[in-house]
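# Coordinate analysis (summary)
Residues per chain, in single letters:
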Amino acid sequence: MHRNITKPWRGFQNGIAIFILLMIVIVVFSIKHIAKQKSEHSEHIPDNSVDSLNPPADFSLEMREEIQKIANFCGVRYVTQADIQKFTIHKISEDFSAIPGWDIWDSSIHEASGQYDRMSRATLDKEISVLSYDPQYRLAKIQGKTAVYLTSYKRCSCPDYRKRRLPCKHMYALAMELDGDVERCIFDSEHPPLYGLTLALAGHLPKSSNGVGGIRAEITERSGIWSEKIECDSSAVVMGTDPSAARVSRAEGFDMDVLSPELIKNIFTAK
């Protein structure tokens, strides 16, 4: 049973920006106050830190409260950038894992090297946007910096996910956009359903009633690109009947979403 995650996740979505801001502000204010702190206390004070018991007067009430939470969590008095990052990852791990579907990822996954950077980019990178999300199939089209990616709670078609097999910035961006509501539909009114997607074909696929076109025409009509080859940069594979073992193995090797011909006609069409 999942706990109510709407409020916690929304808190995280806004909170991560606060934590990142805190990391920046700490550098600025700590340089200003650290000399005074060191002269007043004989104990060792970490460089670029903030005294949670005596934060700078310039800090807002919200920032003071966050600093105290981080200090309590880390068991320290002087909060450093490393402490803020540790606390942020902990909160993200809890909330991300509580979203229905996303709980396939153990919370420790989000603490892996490089994950915090991906969380930050998902929050701050203005070039990343969720173009559409189909709640029936739990699939989304995410506009990245250079391409459109097919993204879900399980995987993403971007090079970063295909290489590391860990949540990428597009997956974090999708989770934050849905804000816990995996049944929410996001409709792309500016682009056709399969815009930006390259779909590899495998197996025997249905033809149209007159024997012409078939699935290839369906993909083209929806502004997708189809290919007879399964490549690393393919968005997904459309699997018909009796696909060769080699093609199935290749799709599995890239950890691709496997789509049915029927799905191609329906995905990203509901408003």
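Summarised in this report is the structure supplied together with it. Since the model is a prediction, treat every value here as computed from it, not as a measurement.

Below, the discussion takes up the pattern of salt bridges. Going through the model one piece at a time under the given rule, you end up with 13 salt bridges. Note that Asp255 and Arg155 form a salt bridge whose closest N and O atoms lie 3.1 Å from each other. Here the residue Asp255 occupies a position in the loop between α8 (245-253) and β9 (257-259), and Arg155 occupies one in the loop between β5 (148-151) and α5 (159-164), the gap between them amounting to 100 residues. Per residue, the accessibility class of Asp255 equals that of Arg155, and both read buried.

Our next topic: the pairing of strand β8 (residues 236-239). Judged by which residues are buried, β8 turns out to be covered on both faces: Ala236 and Val238 on one side and Val237 and Met239 on the other are all buried. A crossover links β8 with its parallel partner β9, the connecting element being α8, and its sense is right-handed.

Here helix α2 (residues 61-74) is 14 residues long and its end C-alpha atoms lie 20 Å apart, about the 20 Å a rise of 1.5 Å per residue gives. Buried within α2 we find Met63, Glu66, Ile67, Ile70, Ala71 and Cys74. Down the axis, α2 shows its buried residues gathered within 140° of arc, on one side only. Across from the buried face of α2, at angles greater than 90 degrees, the exposed residues are Leu61 and Asn72. Of the residues one or two after α2, Gly75 is the one with positive phi, at around 65°.

What the rule picks out here adds up to zero disulfides. Sulfur of Cys168: no disulfide; nearest cysteine sulfur belongs to Cys158 and is 3.7 Å away.

What follows covers the nonpolar core. Residues Trp102, Tyr133, Cys156, Tyr161, Tyr172 and Leu174 are the most contacted members of the largest nonpolar core, which totals 27 residues. Elements with a minimum of two residues in this core: α3 (81-98), α4 (115-124), β3 (129-134), β4 (139-143) and α6 (169-178). Considering each element in turn, this core owes the most residues, seven residues, to α6. With sequence-adjacent residues up to four places away left out, Tyr133 is seen in contact with Arg138, Leu139, Ala140, Leu174, Leu178, Val182, Arg184, Cys185, Ile186 and Phe268. By size, the runner-up hydrophobic cluster in this structure holds 18 residues, among which are Leu131, Leu194, Leu201 and Val238.

On a regular strand, each side chain points to the face opposite its neighbour's, so the side chains alternate between the two faces of the sheet. The buried count for strand β6 (residues 198-202) comes to four of five residues, which makes it a mostly enclosed element. Sheet analysis places β6 next to strand β7 (residues 225-227), joined by three bridges and oriented parallel. Each residue of the ladder has a partner; that of Thr198, found in β7, is Ile225. As paired elements, β6 and β8 share four bridges and run parallel to each other. Its bridge partner lying in β8, Leu201 is registered against Val238.

Summary: where empty space remains is shown by rolling a probe the size of a single water molecule over the atoms. Overall, the coordinates contain two cavities of 30 Å³ or more when judged by the stated rule. Estimates place the volume of the largest cavity at around 40 Å³. Along its surface, the largest cavity is lined by Leu150, Leu194, Leu197, Leu199, Leu259, Ile264, Ile267 and Phe268. Broken down by class, the residue content of the lining of the largest cavity amounts to eight nonpolar, no polar and no charged. Of the voids in this model, the second largest cavity is the one considered here, and its volume is about 30 Å³.

The antiparallel open sheet is built from three strands, whose spatial order is β3-β4-β5. Looking at the sheet topology across the chains shown, the edges are occupied by β3 and β5. Ignoring which end each strand starts from, the neighbouring axes of this sheet average 20° apart. Lying over the sheet, α6 contacts β3, β4 and β5, oriented at roughly 70° with respect to β3.

Cut-offs used in this document
Residues numbered from 1 in each chain as written. Predicted model: local features only at pLDDT ≥ 70, side-chain atom pairs only at ≥ 80, totals over all residues. Heavy atoms only, no water. Salt bridge = Lys/Arg side-chain N within 4 Å of Asp/Glu carboxyl O. Helix = DSSP H or I, 4+ residues; strand = E, 2+ residues; numbered from the N terminus. Buried < 20%, exposed > 50% of the residue type's maximum accessible area, 1.4 Å probe, protein only. Right-handed = clockwise from strand over helix to strand, strands pointing away. Expected span 1.5 Å × (residues − 1). Arc of directions from axis to C-beta. Disulfide = S-S within 2.5 Å. Core = buried A, V, L, I, M, F, W, Y, C linked by side-chain atoms within 4.5 Å. Contact = heavy atoms within 4.5 Å. Pairing = 2+ DSSP bridges. 1 Å grid on protein atoms, 1.4 Å probe; cavity = no way out; pocket = protein on both sides within 12 Å on 5 of 7 lines; lining within 4 Å. Points joined across faces, edges and corners; volume = space filled by probe spheres on them. Nonpolar A, V, L, I, M, F, W, Y, C, P; charged D, E, K, R; others polar. Axes fitted to C-alpha atoms, helices over the stretch in contact; angles between N-to-C directions.

Nothing here speaks to function; it is geometry throughout.
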